[in-house]
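# Analysis of the macromolecular model
Here's the letter readout for the chains.
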Amino acid sequence: MARNQVRLDIERRELFAGGDSFGDTGPYERLCGKVHFAIDPDEWGLPSIVDLDLAPRNAQGLVEFAATLTRRKARV
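Remember, it's a predicted structure, so these values are computed and weren't measured experimentally.

### What to know about the overall build of the protein
The number of helices and strands found in the protein is zero helices and three strands. Listing the helices and strands of the protein from first to last along the sequence gives β-β-β. When the 76 residues of the protein are sorted by exposure, 18% land in the buried category. Within the protein, counting contacts between residues at least 6 apart in sequence, those at least 24 apart form 58% of the total.

And the structure:
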C-alpha cells in the first residue's frame, strides 16, 4: 500500500482569462499556493531520483519537499 502524501495549501484564488466562461464548463480559477509532498523512497515504481536514499526522512520514514503551485509571469 502506498504511503505517499500530497497536501495543497491554497493561498489565493484568482479568475482565469478575466472570468470568461468556457462552454458548459464555465469559468476557470487560477489557484496559487504550495504543494507539499511526502514520499516513501523505498516504494516500488517511483521514478528514478538520484540519491533519494540519502535524503533526510521524517518520523514516518518519508522524504518531504514542496513546490510552488502557480507562479505569475514577471511583467516586463
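There is more to say after this.
### Quick look at the pairing of strand β2 (residues 29-39)
Pairing analysis gives 10 bridges linking strand β1 (residues 5-15) to β2, with the strands arranged antiparallel. Note that in β2 the partner of Asp9 across the bridge is Lys34. Where β2 meets strand β3 (residues 63-68), six bridges bridge the pair, whose relative direction is antiparallel. When the sheet's bridge partners are listed, Lys34 is paired in β3 with Thr68.

### Examining the packing of aromatic side chains
Counted according to the given criterion, the structure contains four aromatic pairs. Ring geometry for Phe16 and Tyr28: centres 6.5 Å apart, planes at 80°, overall edge-to-face. In this pair, Phe16 is assigned in the loop between β1 and β2 and Tyr28 in the loop between β1 and β2, connecting sequence segments 12 residues apart. On the accessibility criterion, Tyr28 (40% relative accessible area) is partly exposed.

### Observations concerning unusual backbone geometry
The backbone of Ala17 sits at a positive phi, close to 55°, despite the residue not being glycine. Tracing the sequence through the fold places Ala17 in the loop between β1 and β2. The backbone of Asp51 sits at a positive phi, close to 60°, despite the residue not being glycine. Within the element layout of this structure, Asp51 appears in the loop between β2 and β3.

### Re the confidence of the model for the protein
Confidence along the protein averages 87 in pLDDT terms, with 89% of residues attaining 70 or more. Predicted confidence in the protein is weakest over β1, with a mean pLDDT of 92, and strongest over β3, with 94.

Here is what the cut-offs are and how they apply
Residues numbered from 1 in each chain as written. Predicted model: local features only at pLDDT ≥ 70, side-chain atom pairs only at ≥ 80, totals over all residues. Heavy atoms only, no water. Helix = DSSP H or I, 4+ residues; strand = E, 2+ residues; numbered from the N terminus. Buried < 20%, exposed > 50% of the residue type's maximum accessible area, 1.4 Å probe, protein only. Contact = heavy atoms within 4.5 Å. Pairing = 2+ DSSP bridges. Phe/Tyr/Trp six-rings, centres within 6.5 Å; stacked < 30°, edge-to-face > 60°. pLDDT = per-residue confidence, 0-100.

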